[in-house]
Amino acid sequence: MGKYINPFTDWGFKRLFGQEFSKDLLISFLNDLLVGELQVKNVVFKDKEELPSTKDQRGIIYDVYCETDKGERFILEMQNRWQPNFLDRSICYACRSVLEQVDKGKKERENAYRFLPIYTVCFMNYMPDHEELSKFRTDIVLADKESGEIASNKLRFIYLVLPLFKKNVDECVTDFDKWIYVLKHMEALSRMPFTAQKEIFKQLEEYADSHRLTRKEWEAYENSLWIARDNMACMAAAENAAKEKGMAEGRAEGMAEGMAKGMAEGKTKAIIETAKRLLNMGLDMEQVAQGTGLSIEEVRKLL
């Protein structure tokens, strides 16, 4: 095990950004992410599971979901591998938070459609398809198409494609750059940089130090690592199989169509097989859903 935990495992991400004892890290990161726009002084973690309003709808599970001292909602999502319609999924999560606020105020007619700003921050620890995003940071707002003038501040989406962050340690000038550099390289670091420049990185070093974990924490982290590695191995095997299948089918159907179909089938089969193995290992449905990207309902069908 390296000196520092991998922050992009499910357990590692929630330890650094989704726990009461480490919420100073989250507050500092949000302020550096949106420097000059807002100043978060405190956050309260909300229930990460949003149940559907009817039994035929799908529930959702947020990675981190919190409310600031001024009422803004923040949804933090961490994604390690390509997933179909990931951007659409992030929009759906934000809309669910809108409905959750609106439903609570529906008894007061004047507040029926009033809700506080929702910020969705997505860490994408993989290279997205070319038709999705092509730069490290993409900020999406509700704005007029012609003038670019912001029409509403109630919905904001920030996508961070980590493989496209190319700065080395000496090129990190802003505090936000320093956060991204540390998170991207944390598992390989032998010491925590920037601790002399920003006090919060000393706290980050403490919580990320794998040698300070209790036995119970270490076992939870190790289990999270196995899930991540198993997923990556399955994805790699599925992609190789899909490419071969796609090339074979491409002779008859056309190369592009065959590869797309083979990749989709291979990824789906690999995800299902991974979910079955994790269930057999004794993980609960929520852990399996988080580890594979399947919904709770889809995991339940495998039992």
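For the structure itself, look to the data block above.
Structural notes, computed from the coordinates. In this convention, every chain numbers its residues from 1, walking through the sequence in written order. Since the coordinates come from a predicted model, pLDDT governs what is reported: local features require at least 70, and pairs of side-chain atoms require 80 or more to be given and counted, while whole-chain, interface and lining totals use all residues. Side-chain measures here rest on the full set of heavy atoms in the structure, leaving out hydrogens and waters.

1. Here we look at the overall build of the protein
Numbered from the N terminus, helices here are DSSP runs of H or I no shorter than four residues, and strands are runs of E no shorter than two. For the protein, the count of helices and strands is nine helices and eight strands. Residue burial is assigned from relative accessible area. The probe radius is 1.4 Å, only protein chains are included, and a residue is buried under 20% of its type maximum, exposed over 50%, and partly exposed in between. Buried residues in the protein amount to 47% of all 303 residues. Contacts were defined at the residue level, with two residues in contact if any of their heavy atoms lie within 4.5 Å. For the protein, the proportion of contacts with a sequence separation of at least 24, taken over those separated by at least 6, is 59%. Per element, the accessible surface of the protein, about 16600 Å² overall, is 52% carbon and sulfur. Surface accessibility in these figures is a Shrake-Rupley result with a 1.4 Å probe; residues are shielded only by whichever protein chains are displayed.

2. Considerations on the nonpolar core
Residues enter a nonpolar core if they are buried and are Ala, Val, Leu, Ile, Met, Phe, Trp, Tyr or Cys, with the set joined through side-chain atoms within 4.5 Å. Phe 17, Phe 29, Leu 76 and Met 186 are the most contacted members of the largest nonpolar core, which totals 49 residues. Every residue in contact with Met 186, bar those within four places of it in the chain, is listed here: Tyr 4, Ile 5, Pro 7, Leu 16, Met 192, Leu 204 and Ala 208. In terms of nonpolar packing, the next biggest core, distinct from the first, is built from 19 residues, Ile 75, Tyr 93, Val 98 and Tyr 159 among them.

3. A look at the pairing of strand β7 (residues 137-143)
DSSP calls a pair of strands paired once it identifies at least 2 bridges connecting them. Summarising the sheet, β7 and strand β8 (residues 150-161) pair through seven bridges and their orientation is antiparallel. Bridging across to β8, Leu 142 finds its partner in Ser 152. Hairpin connection between β7 and β8: a loop of six residues separates the two successive antiparallel strands, and Gly 148 in this loop has a positive phi of roughly 80°.

4. Some words on the packing of aromatic side chains
Two aromatic rings from Phe, Tyr or Trp, using only the six-membered ring of Trp, form a pair when their centres are within 6.5 Å; if the ring planes differ by under 30 degrees the pair is stacked, by over 60 it is edge-to-face, and anything between is tilted. Under the definition given, this model contains 20 aromatic pairs. An angle of 20° between the planes, with centres 6.4 Å apart, marks the rings of Phe 17 and Phe 123 as stacked. Here Phe 17, found in helix α1 (residues 10-17), pairs with Phe 123, found in strand β6 (residues 118-124); they are 106 residues apart in sequence, far enough to count as distant. Side by side, Phe 17 and Phe 123 carry an identical accessibility label, which is buried. These aromatic residues form a ring-pair network of at least three members: Phe 8, Phe 13, Phe 17, Phe 29, Phe 123, Phe 136, Phe 165, Phe 176, Trp 179, Tyr 181, Phe 194 and Phe 201. Criterion for a charge above a ring: Lys NZ or Arg CZ within 6 Å of the ring centre, and within 35 degrees of the ring normal. Above the plane of the ring of Phe 176 lies Arg 137, whose end atom (NZ or CZ) is 5.1 Å from the centre. Lying over the aromatic face of Phe 115, Lys 154 brings its terminal NZ or CZ to 5.2 Å of the ring centre.

5. A few points about the packing of helix α4 (residues 175-185) against helix α5 (residues 200-208)
Every angle, taken between N-to-C directions, lies between 0 and 180 degrees, and every axis is a line fitted to C-alpha atoms, over only the stretch in contact when it is a helix. Relative to each other, α4 and α5 sit at 15°, their axes nearing to 12 Å. Comparing their axes, α5 and α4 come out roughly parallel. Relative to α5, the crossing made by α4 is right-handed. In contact with Lys 178, Trp 179 and Val 182 of α4, α5 contributes Ile 200, Phe 201 and Leu 204. Of the residues belonging to the contact of α4 with α5, the class tally is five nonpolar, no polar and one charged. With respect to orientation, any angle under 35 degrees is reported as roughly parallel, any angle over 145 as roughly antiparallel, any angle of 65 to 115 as roughly perpendicular, and every other angle as oblique. Each helix crossing is assigned a hand: it is left-handed if the near helix lies turned anticlockwise from the far helix by less than a right angle, otherwise right-handed if that turn is clockwise. Asp, Glu, Lys and Arg are counted as charged, while Ala, Val, Leu, Ile, Met, Phe, Trp, Tyr, Cys and Pro are counted as nonpolar; the rest, among them Gly, fall into the polar class.

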